[in-house]
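# Analysis of the macromolecular model
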Amino acid sequence: MRMKLPNKDTTGIITTFYLRSYTNNHDELDFEFLGGKGQNYLLHTNVFTNGQGGREQRFSLWFDPTEDFHDYQLIWNQHQVVWFVDGTPIRVFKNNQNIGVSYPVQAMQIEASIWNGTWAGEPNWSQAPFQAHYQGFGIDGCPAQLNTIGSECSSPTFEWNVEKYWKLDSQQQMAYEDVRNKHMMYDYCTVGPKAPPECQNNQ
């Protein structure tokens with residue numbers, strides 16, 4: 001997905017692109033852009049599995065997302081979920097079901113929205129309307145029924161399941177670590193007396 005964010009005082013305005021299921025205990029993978037004054041956007045990411053979230057990681061951006069379109073991408077297979085910004089991986093959530101950590105397994109749909117959240121600040125409504133621009137939408141996926149992903153979706157005949165997408169390669173790993181060292185603003189793994197069990201494996 002290519003996005004260009006509103007070029008205004010967007011305090012309290014959240015521009016999004018995400019995957020979500022619609023069940024009683026949903027799965028969700030988020031790109032959420034938290035606005036502010038002077039276009040100092042923060043990229044807020046989250047993971048919901050079986051209705052449980054609280055896995056926020058937040059990043060500053062190394063460019064002005066209001067000046068031009070930028071690429072935001074998710075790769076999700078049975079091994080990992082990876083968030084990319086302009087081809088650079090910024091977050092990895094691996095399948096850690098073997099140590100008791102829930103992993104997104106429900107069929108999800110893609111949504112994009114712009115809305116206000118009081119948790120992100122009080123909007124300056126004199127700046128309205130707030131307009132985000134989307135283009136270049138593309139999706140590779142497999143069909144699902146009744147919110148269930150069939151075993152065929154894990155077939156290596158689908159490109160996203162081939163071995164090179166099971167983990168980051170060495171160049172991607174270097175870029176990933178660089179972004180996180182320079183631009184990570186908040187990590188749920190560092191909050192609280194003990195990190196959740198998946199945090200070490202997701203490095």
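For the structure given in this document, a descriptive report is provided here.

What follows covers unusual backbone geometry. With an omega of 5 degrees, the peptide bond running from Ala128 to Pro129 counts as cis. Assignment of secondary structure puts Pro129 in the loop between β9 (109–116) and β10 (133–135). Although it is not a glycine, Asn50 sits at a positive phi angle of roughly 55 degrees. The residue Asn50 is located in the loop between β4 (42–48) and β5 (57–60) in this model. On the basis of relative accessible area, Asn50 is assigned to the partly exposed category, the value being 44%. Located in the positive-phi region is Asp86, a residue other than glycine, with phi close to 50 degrees. By secondary structure assignment, the location of Asp86 is in the loop between β7 (80–85) and β8 (88–94). Judged by its relative accessible area of 36%, Asp86 falls in the partly exposed class.

So, about the side chain of Arg55. Within the secondary structure, Arg55 is located in the loop between β4 and β5. A distance of 3.4 Å separates a polar atom in the side chain of Arg55 from the backbone oxygen of Val47.

This next bit is on a nonpolar patch on the surface. On the surface, Met185, Tyr186 and Val191 cluster together into a nonpolar patch covering about 280 Å² of accessible area. Mapping Val191 onto the fold places it in the loop between β11 (184–187) and α2 (198–201).

As enumerated under the stated definition, the model contains 8 aromatic pairs in all. Here the aromatic rings of Phe31 and Phe33 are separated by 6.5 Å at their centres, their planes lie at 5 degrees, and the arrangement is stacked. Taking 5.5 Å as the distance between ring centres and 90 degrees as the angle between the ring planes, the aromatic pair formed by Trp62 and Phe63 counts as edge-to-face. Overall, the relative accessible area of 17% leaves Phe63 in the buried class. Each residue in the set Phe17, Phe31, Phe33 and Tyr72 is aromatic and connected to the rest through ring pairs, giving one cluster.

Quick notes on the rules
Residue numbers run consecutively from 1 along every chain, following the written order of its sequence. In keeping with the predicted nature of the model, local features appear solely for residues at pLDDT of at least 70, side-chain atom pairs appear and are counted solely at 80 or more, and the whole-chain, interface and lining totals rest on all residues. Neither water nor hydrogens contribute to the side-chain values; these are computed over all heavy atoms in the structure. Note on conventions: DSSP H or I runs of at least 4 residues are helices, E runs of at least 2 residues are strands, and numbering of each starts at the N terminus. The buried label applies to any residue whose accessible area, calculated with a 1.4 Å probe on protein chains only, is under 20% of its type's maximum; exposed applies above 50%, and partly exposed to all values in between. Residues adjacent in sequence count toward polar contacts only when both atoms are side-chain atoms; beyond that, a polar contact is any pair of N or O atoms within 3.5 Å, and within protein one must be able to donate a hydrogen and the other to accept it. Here, patches come from residues exposed beyond 30% relative accessible area and free of salt bridges, joined within 9 Å for like charges and within 5 Å for nonpolar side chains (Val, Leu, Ile, Met, Phe, Trp, Tyr). Here the Shrake-Rupley method, with its probe set to 1.4 Å, supplies the accessible areas, and only the displayed protein chains count as covering residues. Salt-bridge detection follows one rule: a side-chain nitrogen of Lys or Arg within 4 Å of a carboxyl oxygen of Asp or Glu. Pairing of aromatic rings covers Phe, Tyr and Trp, the last counted by its six-membered ring, and requires centre-to-centre distances within 6.5 Å; plane angles under 30 degrees mean stacked, over 60 mean edge-to-face, and any other angle means tilted.

Scope: geometric values only; no functional claims are made or implied.
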